[in-house]
Amino acid sequence: MSKDPISIREDDYMTHARQILRDNFLRGLPVVDEGNKVLGILTDQDILNIRSSKSNVTVRGYISESPLITPDMDIRKAARMLLDAKQPLSPVIVSTSDRSIAGILSNADLLRHIQPTKVSPRNVGEIMTTKVETALPDDNISRIWENMLQWDYTGIPVVSHKKETMGIVTRLDIIKAGYARIGTTNMQGRSSGGSMKVEKVMSTPLYSVPPTTSVSEAIGELLRNDIGRISVTNGGELLGIVDRHDLLKACLEGTGL
């Protein structure tokens, strides 16, 4: 886990929380009360889900429940709890009886220390998601924003009109670029960039591996490049996508968790 994480209070404004995510390239923030007790977590998905057009919307009401992970917990058990919660990260509390914040644990932290088991899938071709929604470079950000909410996606690959892979647009890309909106307006009260094109926001390159890549190799690629997902391609053709959740789940095969 990482110690001394940045946290916010439930009465902080969502605009402030979003700014913290943007400035620190974070995917989530622990929410604590005045006594530094953990109330839950605010994720980038929660930020994108804001529908109110008011600028004084507070974190309260957008907090997601987080699993009760403690510093002395076995990392495989912590991984299972994170997977079951469908969260990319979670606050770590001092103990089940003391919910003071002790740190924060992400799926990337776990992947640095968990190895595949003897019965884990042999390669990414066995665990990849094959039904991959894609975006075009000239798609409007507003449409991608809505699609991410509808599909609960953290990132969408960008392909050319000739189906060639170009890059990826993620929740964090949209938030960093300032187009994550509150209702129909952004923080400055202007349009949320609905006419802005995906190519102006997307991250490049689109990192990719062949389907024969082992789970361990794929984990190494994600950690080396500090990315949340990697495409699976064959000769430039997009076959699927694998993310941290998929790889963490593969590492728990055969553990009974």
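See the structure printed just above.
The paragraphs below set out a description of the structure included in this document. Because the structure is predicted, anything quoted here is derived from the model rather than measured.

Quick notes on the rules
Residues numbered from 1 in each chain as written. Predicted model: local features only at pLDDT ≥ 70, side-chain atom pairs only at ≥ 80, totals over all residues. Heavy atoms only, no water. Salt bridge = Lys/Arg side-chain N within 4 Å of Asp/Glu carboxyl O. Helix = DSSP H or I, 4+ residues; strand = E, 2+ residues; numbered from the N terminus. Buried < 20%, exposed > 50% of the residue type's maximum accessible area, 1.4 Å probe, protein only. Pairing = 2+ DSSP bridges. Contact = heavy atoms within 4.5 Å. Polar contact = N/O pair within 3.5 Å; in protein donor to acceptor, adjacent residues only side chain to side chain. Axes fitted to C-alpha atoms, helices over the stretch in contact; angles between N-to-C directions. Parallel < 35°, antiparallel > 145°, perpendicular 65-115°, else oblique. Left-handed = near helix turned anticlockwise from the far one by under 90°.

**Comments concerning the pattern of salt bridges**
Okay, step 1: Evaluated as defined, the whole model comprises 11 salt bridges.
Okay, step 2: Taking the shortest distance from any N to any O, the salt bridge between E10 and R60 comes out at 3.2 Å. With E10 in the loop between β1 (8–9) and α1 (14–24) and R60 in the loop between α2 (44–48) and α3 (75–85), this pair connects stretches of sequence that are 50 residues apart.
Okay, step 3: Residue R60 is classed as partly exposed on the basis of its relative accessible area of 43%.
Okay, step 4: Residue R244 is joined to D226 by a salt bridge in which the shortest nitrogen-to-oxygen separation is 3.9 Å. On the criterion of sequence distance, the pair formed by R244 in helix α8 (residues 244–251) and D226 in the loop between α7 (215–225) and β9 (229–234) is long-range, its members being 18 residues apart.
Okay, step 5: Here the salt bridges do not stand alone but share partners, grouping E10, D11 and R60 into one network.

**Notes on the sheet that holds strand β10 (residues 237–243)**
Okay, step 1: Pairing within the open sheet is mixed, and its 3 strands lie in the order β8-β9-β10. The open sheet has two edge strands, β8 (208–209) and β10, and neither has a second partner.
Okay, step 2: Here β8 pairs with β9 via 2 bridges, running parallel. Considered in β9, the bridge of S208 is made with S231.

**Structural notes on α8**
Okay, step 1: For α8, a buried count of 6 out of 8 residues is recorded, marking the element as mostly surrounded by other parts of the structure.
Okay, step 2: Tucked inside the fold, the buried residues of α8 contact α3, α4 (107–111), α7 and β10.
Okay, step 3: The N-capping residue of α8, defined by a side-chain oxygen 3.2 Å from the backbone nitrogen of H245, is D243.

**Brief notes about the sheet that holds β1**
What holds strands together in a sheet is hydrogen bonding between their backbones, with the strands either parallel or antiparallel.
Okay, step 1: Read from one edge to the other, the open sheet built from 3 strands follows the order β1-β2-β3, with strand pairing classed as mixed. Since the sheet does not close on itself, it has two edges, and those belong to β1 and β3 (38–43), each with one partner.
Okay, step 2: When strand β2 (residues 28–32) meets β3, the two strands line up antiparallel, connected through 5 bridges. Paired with L29 across the two strands is L42, which belongs to β3.
Okay, step 3: Taken strand by strand, α1 contacts β1, β2 and β3, and its axis lies near 135 degrees from that of β2.

**Section: the environment of D109**
Okay, step 1: Relative to the elements of secondary structure, D109 occurs in helix α4.
Okay, step 2: The spatial distance from the C-alpha of D109 to the C-alpha of I41 is 17 Å, given a sequence separation of 68 residues.
Okay, step 3: A polar contact is formed between the side chain of D109 and the backbone nitrogen of S106, at a distance of 2.9 Å.
Okay, step 4: Of note is the side chain of D109, whose polar atom sits 3.1 Å from the side chain of R112.

**Focus on the packing of α3 against α8**
Okay, step 1: With their axes 10 Å apart at the nearest point, α3 and α8 run at an angle of 135 degrees to one another. Classified by the angle between their axes, α3 and α8 sit oblique to one another. Relative to α8, α3 is oriented so that their crossing is left-handed. Only H245, L248, K249 and C251 of α8 make contact with α3, whose side of the interface consists of R76, A79 and L83.

**Regarding the side chain of T43**
Okay, step 1: For T43, the position within the fold is in strand β3.
Okay, step 2: Looking at T43, the relative accessible area reads 3%, which means it is buried.
Okay, step 3: Beyond its immediate sequence surroundings of up to four residues, T43 is in contact with R27, G28 and Q87.

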